[in-house]
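What the coordinates show
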Amino acid sequence: MTQDGRQDRLDRIEAILLQTAQQQQVNTSALAQLTAKVDGLTEEVDSLRDIVMHSIQNAESDRTLFQAEIRRIWEYLLGQSGNGRGEG
């Protein structure tokens, strides 16, 4: 291989190394952006989970209160009619 051939080969290797380094910088930047987005989504999902859990707790509490109120009304109606049909 001639001196010019070796120099051309070295130039190509340097160009490839430069291109690889530049691509690595792009990939690192993209990964950092993606990581930030994932972190943001994780926070949003955590917040949504908290909201849903609070809503479930409220629904369970409301259900218990509604059942107690229905039972109270039913017992009142039974006490008024004596047989639960309003006939008396």
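This structure is a prediction, so every number in the text was calculated from the model and none was measured.

Quick look at the overall build of the protein now. Per the secondary structure count, the protein includes one helix and zero strands. Rg of the C-alpha trace for the protein: 37 Å, well past the compact-globule value of 12 Å for 88 residues, more than 25% over. In terms of overall dimensions, the protein has a C-alpha envelope of 120 × 20 × 10 Å along the principal axes. Within the protein, the fraction of its 88 residues that count as buried is 1%. Of the roughly 8100 Å² that the protein leaves accessible, carbon and sulfur atoms contribute 57%.

Further remarks concern a nonpolar patch on the surface. Among the surface-exposed residues, Leu48, Ile51, Val52, Met53 and Ile56 lie close enough to one another that they form a single nonpolar patch of about 440 Å² accessible area. With respect to the helices and strands, Val52 occurs in helix H1 (residues 3-81). Residue Val52 is classed as partly exposed on the basis of its relative accessible area of 40%.

On to the environment of Glu69. By secondary structure assignment, the location of Glu69 is in helix H1. The spatial distance from the C-alpha of Glu69 to the C-alpha of Arg12 is 84 Å, given a sequence separation of 57 residues.

Scanning all chains against the criterion turns up three salt bridges. The salt bridge involving Arg72 is made with Glu69; its shortest N-O contact spans 2.6 Å. With Arg72 and Glu69 both in helix H1 and three residues apart, this pair spans about one turn of that helix. Residue Arg72 is classed as partly exposed on the basis of its relative accessible area of 47%.

Let us look at the environment of Gln24. Mapped onto the fold, Gln24 is located in helix H1. Exposure remark for Gln24: the relative accessible area of 48% places this residue in the partly exposed category. Taking the C-alpha atoms as reference points, Gln24 and Arg12, 12 residues apart in sequence, are found 18 Å from one another.

Next up on the list: a negative patch on the surface. Taken together, the side chains of Asp4, Asp8, Asp11 and Glu14 define an acidic patch exposed on the protein surface. Examined against the element boundaries, Glu14 turns out to sit in helix H1. Exposure remark for Glu14: the relative accessible area of 53% places this residue in the exposed category.

Rules of the game
Residues numbered from 1 in each chain as written. Predicted model: local features only at pLDDT ≥ 70, side-chain atom pairs only at ≥ 80, totals over all residues. Heavy atoms only, no water. Helix = DSSP H or I, 4+ residues; strand = E, 2+ residues; numbered from the N terminus. Rg over C-alpha atoms; globule rule 2.2 N^0.38 Å. Buried < 20%, exposed > 50% of the residue type's maximum accessible area, 1.4 Å probe, protein only. Areas by Shrake-Rupley, 256 points an atom, 1.4 Å probe, with all protein chains shown as cover. Patch = residues over 30% accessible without salt bridge, like charges linked within 9 Å, V, L, I, M, F, W, Y side chains within 5 Å. Salt bridge = Lys/Arg side-chain N within 4 Å of Asp/Glu carboxyl O. Lys, Arg positive; Asp, Glu negative; His and termini not counted. Charge placed at Lys NZ, Arg CZ, Asp CG, Glu CD.

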